[in-house]
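Examining the three-dimensional arrangement
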Amino acid sequence: MKTFKISILMILALVFTLTISAKPKIRIIATGGTIAGVSASATSSAYGAGQVGIQTLIDAVPQIKDLADVSGEQLVNIGSQDMNDDVWLKLAKRINQLLNEEGYDGVLVTHGTDTMEETAYFLTLTVHSDKPVILVGSMRPSTAISADGPANLYNGVAALADPASNGHGVMACMNNKLIDAKSLIKTNTTDCATFKGTYGEIGYVYNGKPYYILEPTYKHTTQSEFDVDNLTKLPMVGIIYGYANASPLPMQAFVNAKFDGIVLAGVGDGNFYKDVFDVAVKAQNSGIQIVRSSRVPTGPTCLNGEVDDSKYHFVAALNLNPQKARILLQLALTKTHDWQQIQKYFQEY
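Residues numbered from 1 in each chain as written. Predicted model: local features only at pLDDT ≥ 70, side-chain atom pairs only at ≥ 80, totals over all residues. Heavy atoms only, no water.

1. Some thoughts on the pattern of salt bridges
Heads up, the rule is: Definition used for salt bridges: Asp or Glu carboxyl oxygen within 4 Å of a side-chain nitrogen of Lys or Arg. Buried, partly exposed and exposed residues are distinguished by accessible area as a fraction of the type maximum, computed with a 1.4 Å probe on protein chains only: under 20%, between the cut-offs, and over 50%, respectively. Counting from the N terminus, the helices are DSSP H or I runs at least four residues long and the strands are E runs at least two residues long.
Tallying each qualifying case throughout the model produces 9 salt bridges. The salt bridge partner of Asp275 is Lys274, with a shortest N-O separation of 3.3 Å. On the basis of relative accessible area, Lys274 is assigned to the exposed category, the value being 53%. Measuring nitrogen to oxygen at the nearest pair gives 2.7 Å for the salt bridge that ties Asp309 to Arg292. Pair noted here: Asp309 is in helix α8 (residues 309-312) and Arg292 is in strand β15 (residues 289-294), with a separation of 17 residues, a long-range link. Using a relative accessible area of 0% as the deciding quantity, one classes Asp309 as buried. Residues joined by salt bridges that share partners form a network here, namely Arg27, Glu73, Arg94 and Glu102.

2. What to know about the sheet that holds strand β8 (residues 177-180)
The strands that make up a sheet pair up through hydrogen bonds in the backbone, lying either parallel or antiparallel. Heads up, the rule is: Criterion used throughout: strands pair if DSSP finds at least two bridges between them. Helix axes are fitted only over the stretch in contact, all axes being lines through C-alpha atoms; the angle between N-to-C directions runs from 0 to 180 degrees.
Within the open sheet, the 8 strands sit side by side as β4-β1-β5-β6-β7-β8-β11-β12. Their pairing is mixed. Only two strands of the sheet have a single neighbouring strand rather than two, namely β4 (69-78) and β12 (209-212). When strand polarity is set aside, the average angle formed by the axes of neighbouring strands in this sheet is 25°. In this sheet, strand β5 (residues 106-110) lies alongside strand β1 (residues 25-32) in parallel orientation, the contact comprising 5 bridges. Bridging from a neighbouring strand, Ile29 pairs with Val109 of β5.

3. A few points about the environment of Tyr47
Checked against the element boundaries, Tyr47 lands in strand β3 (residues 47-48). For Tyr47, a relative accessible area of 35% translates into the label partly exposed. The spatial distance from the C-alpha of Tyr47 to the C-alpha of Leu249 is 36 Å, given a sequence separation of 202 residues.

4. A look at helix α6 (residues 249-256)
Definition in use: Here the arc refers to the directions that run from the helix axis out to each C-beta atom. When checking whether two residues touch, look at their non-hydrogen atoms; a contact exists if any pair is within 4.5 Å.
Among all positions of α6, only Met251, Phe254 and Val255 are buried. On an axial view of α6, the arc spanned by its buried residues comes to 100°, and they lie on one face. In α6, the exposed positions that point more than 90 degrees away from the buried face belong to Leu249 and Asn256. If you follow the buried residues of α6, they end up packed against β13 (237-241), β14 (261-266), α7 (274-285) and β15. Of the residues trailing α6, Lys258 is marked for its positive phi of about 60°.

5. Concerning the side chain of Gln330
Mapping Gln330 onto the fold places it in helix α9 (residues 322-332). In contact with Gln330, other than residues within four places in its own chain, are Asp85, Trp88, Leu234, Pro235 and Val237.

6. With respect to the packing of aromatic side chains
For any two aromatic rings, the description comes down to two numbers: the centre-to-centre distance and the angle of the planes. This is how it is decided: Stacked, tilted and edge-to-face pairs are distinguished by plane angle, under 30 degrees for stacked and over 60 for edge-to-face with tilted covering the rest, among Phe, Tyr and Trp rings (Trp via its six-membered ring) whose centres lie within 6.5 Å. Criterion for a charge above a ring: Arg CZ or Lys NZ at most 6 Å from the ring centre, at most 35 degrees from the ring normal.
On inspection of all chains with the given rule, the structure shows 11 aromatic pairs. Taking 4.5 Å as the distance between ring centres and 45° as the angle between the ring planes, the aromatic pair formed by Phe254 and Phe259 counts as tilted. By relative accessible area, Phe259 is classed as buried at 18%. Lying over the aromatic face of Tyr104, Lys25 brings its terminal NZ or CZ to 4.4 Å of the ring centre. Here the basic side chain of Lys209 rests over the ring of Tyr211, its NZ or CZ set 5.9 Å away from the ring centre.

7. Some points on the sheet that holds strand β16 (residues 315-316)
Strand order in the open sheet formed by 4 strands is β13-β14-β15-β16, with parallel pairing between adjacent strands. Either end of the sheet is taken by a strand with one partner, and the two such strands are β13 and β16. By the bridge criterion, 2 bridges tie β15 to β16 in an arrangement that is parallel. Note on β16: the bridge partner recorded for Val291 is Val315.

8. Brief notes about the packing of helix α3 (residues 85-100) against helix α4 (residues 116-126)
Inclusion rule: Any angle that falls under 35 degrees is termed roughly parallel, while one over 145 is termed roughly antiparallel, one within 65 to 115 roughly perpendicular, and all others oblique. Take the far helix as your reference; a near helix turned counterclockwise from it by less than a right angle gives a left-handed crossing, and one turned clockwise gives a right-handed crossing. Nonpolar residues are Ala, Val, Leu, Ile, Met, Phe, Trp, Tyr, Cys and Pro. Charged residues are Asp, Glu, Lys and Arg, and all others, Gly as well, are polar.
Contact geometry of α3 with α4 gives a least axis separation of 10 Å together with a crossing angle of 45°. By the angle between their directions, the pair α3 and α4 is classed as oblique. The element α3 and its partner α4 pack so that their crossing is right-handed. Contacts between α3 and α4 involve Trp88, Leu89, Leu91, Ala92, Ile95 and Asn96 on the former and, on the latter, Glu118, Thr119, Phe122, Leu123 and Thr126. When its residues are assigned to classes, the contact of α3 with α4 shows 7 nonpolar, 3 polar and 1 charged.

9. Thoughts on the nonpolar core
For clarity, the threshold we go by: Grouping buried Ala, Val, Leu, Ile, Met, Phe, Trp, Tyr and Cys residues that are joined through side-chain atoms within 4.5 Å yields what is termed a nonpolar core.
Core analysis: the largest hydrophobic core is formed by 53 residues, its most contacted members being Ile95, Phe122, Leu123 and Phe346. Elements that contribute at least two residues to this core include exactly α3, β5, α4, β6 (133-136), β7 (171-174), β16, α9 and α10 (339-348). When residues of this core are assigned to their parent elements, the largest contribution, 8 residues, is made by α3. Aside from chain neighbours lying at most four places away, what touches Phe122 is Trp88, Leu89, Ala92, Val228, Leu234, Ile327 and Leu331.

10. A closer look at the environment of Val76
Checked against the element boundaries, Val76 lands in strand β4. For Val76, the contacting residues outside a window of four places in its chain are Ala30, Thr31, Gly32 and Val87.

What follows is the structure, given as structure tokens:
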């Protein structure tokens, strides 16, 4: 009996030791981008995106194995200028599966920087888990002198491995900064410090540990009512750029193609050139939802300001830039065509 009691105690001690020493289970989903790019030489600014596979990226940063139980898969291998709705749907469905069914503690997505902000925002609206999802990329290809990809990859895994990262929605980890999906913007074409938050970053990574200073207040992830699990395509929504003496032809082309919605990257507070405005009113009356956003990089597009949105049944994008307004409109149109409900989504998300 005494031997049996000792054996039970030893087993319990072993289980306790294994439990406290178990590393977080992290999955890396690779989609390509500059972080997987290859240049002709270490000093060349010309390169091809999406050339390196996921295992090569993982092997290049062996230190991440000290942080977590890391494994990877290759979803696609493209430059993010070629990101599209089909990949978004596959990515969201796969992340939900990994976090909610397969027991992973976090997901890292390697991604090109051109459309990283759009993918991050789409995911924060369609991933239904409090577990962290982080996007990382690089501004220099993997073969460049002082490539920034490995450090971003390491910091991303470090943030995922820390329980403090739960509940913040989808984020990007670039240049030591943690930036929430709604606030994330690319501000420079080539600089490694290109990514900023329109209202600041929500945290940073230092010495392999994340530190959080803000929390997003908009609805995201587990609070989001947008479900793509059974979707095979998204509504067609296009963006029209506003400028002096703008032609109405692009807007009319979307109308003729029977798009479901159109976002205007307007001037100032989301204003239209008069000829474009006339086509927009006709489009709204025909059932195509019009959303007013702005080409100005910061500041809201105000509801019922210079444009009487309620009169025309337009939707004001508020704090969303045109590319993110397009994503929210796509998802909103999967649920309703009521302009007032869509405006409510823009207030909540």
